[in-house]
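Now for the letters of each chain:
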Amino acid sequence: MPKVIGRFTPQLFALLRIVAGLLFACHGSQKLLGWPTGGHHPPLMSLFGVSGIIELVGGVLIAIGFLTGIAAFIASGEMAVAYFMMHFPHGSIPLLNQGELAVLYCFLWLYIAAHGAGIWSVDGARGRR
């Protein structure tokens, strides 16, 4: 299997970065703009407002691959804080405290911060110049 799908590793990593970044941005747009559905419209300088800004801006930056390492590192930290503030008080097991998405995003962004944007990114295009 690695010989078949392994040759597409750079493309699949780029798709993972793009799709996950756009999904993360949707969390922020829901908090701040009420789109796609609902939303809370918190004050921007509240904890919830700042998390929405990090998710919206960070998700877009990660998706387009611009300042990816910085954006992903900040987003990873935000997800760690979200897990420990919102989910961990309800128990330590992510599946039971409904924190599995926060944990998954935390480690995905940490990996992307360490790996870099890869192909199909602004960072990659800038590095080739």
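Presented here is a report on the structure given in the accompanying data block.

Criteria and thresholds
Residues numbered from 1 in each chain as written. Predicted model: local features only at pLDDT ≥ 70, side-chain atom pairs only at ≥ 80, totals over all residues. Heavy atoms only, no water. Helix = DSSP H or I, 4+ residues; strand = E, 2+ residues; numbered from the N terminus. Buried < 20%, exposed > 50% of the residue type's maximum accessible area, 1.4 Å probe, protein only. Contact = heavy atoms within 4.5 Å. Axes fitted to C-alpha atoms, helices over the stretch in contact; angles between N-to-C directions. Parallel < 35°, antiparallel > 145°, perpendicular 65-115°, else oblique. Left-handed = near helix turned anticlockwise from the far one by under 90°. Nonpolar A, V, L, I, M, F, W, Y, C, P; charged D, E, K, R; others polar. Salt bridge = Lys/Arg side-chain N within 4 Å of Asp/Glu carboxyl O. Core = buried A, V, L, I, M, F, W, Y, C linked by side-chain atoms within 4.5 Å. Expected span 1.5 Å × (residues − 1). Polar contact = N/O pair within 3.5 Å; in protein donor to acceptor, adjacent residues only side chain to side chain.

## A look at the overall build of the chain
- Within the chain, the regular secondary structure consists of seven helices and zero strands.
- Listing each helix as α and each strand as β along the chain from the N terminus yields α-α-α-α-α-α-α.
- Here the C-alpha coordinates of the chain stretch approximately 45 × 30 × 25 Å along the principal axes.
- Sorting the 129 residues of the chain into buried and exposed places 33% on the buried side.
- Summarising the internal contacts of the chain: among those between residues at least 6 apart in sequence, 60% fall at separations of at least 24.

## Examining the packing of helix H4 (residues 68–87) against helix H6 (residues 100–115)
- Between H4 and H6, the least distance of the axes is 8 Å, while the angle of their chain directions is 160°. Between H4 and H6, the angle is such that the two are roughly antiparallel. Crossing of H4 against H6: the hand is left-handed. Residue-level contacts link Thr68, Gly69, Ala72, Phe73, Ala75, Ser76, Met79, Ala80, Tyr83 and His87 of H4 to Ala102, Val103, Tyr105, Cys106, Trp109, Leu110, Ile112 and Ala113 of H6.
- Tallied by class, residues from the contact of H4 with H6 come to 14 nonpolar, four polar and no charged.

## A few points about the pattern of salt bridges
- Scanning all chains against the criterion turns up one salt bridge.
- Here Lys31 makes a salt bridge to Glu55, at a shortest N to O gap of 2.8 Å. Highlighted residues: Lys31 in helix H2 (residues 9–33) and Glu55 in helix H3 (residues 47–64), separated in sequence by 24 residues. Comparing Lys31 with Glu55 shows no difference in burial state: the two are buried.

## Side note on the environment of Cys106
- Within the element layout of this structure, Cys106 appears in helix H6.
- Note on Cys106: relative accessible area 10%, which makes it buried.

## Quick word on the nonpolar core
- Core analysis: the largest hydrophobic core is formed by 15 residues, its most contacted members being Phe24, Ile62, Met79, Trp109 and Ile112.
- Contributing elements (two or more residues each) for this core: H2, H4 and H6.
- Top element by residues in this core is H6. It accounts for six residues.
- Excluding its chain neighbours within four sequence positions, the residues that come into contact with Phe24 are Ile54, Glu55, Gly59, Ala75, Glu78, Met79, Tyr105 and Trp109.

## Some remarks on H3
- Look at H3: 26 Å from first C-alpha to last across 18 residues, which is about the 26 Å you get at 1.5 Å a residue.
- Those residues of H3 that sit buried are Gly49, Ser51, Gly52, Glu55, Gly58, Gly59, Ile62 and Ala63.
- Each element contacted by the buried residues of H3 is listed here: H2, H4 and H6.

## Remarks on the side chain of His87
- One can find His87 in helix H4.
- A distance of 3.2 Å separates a polar atom in the side chain of His87 from the backbone oxygen of Gln98.
- Non-local contacts of His87, meaning those with residues more than four positions away in its chain, are made with Ala82, Asn97, Gln98, Gly99 and Ala102.

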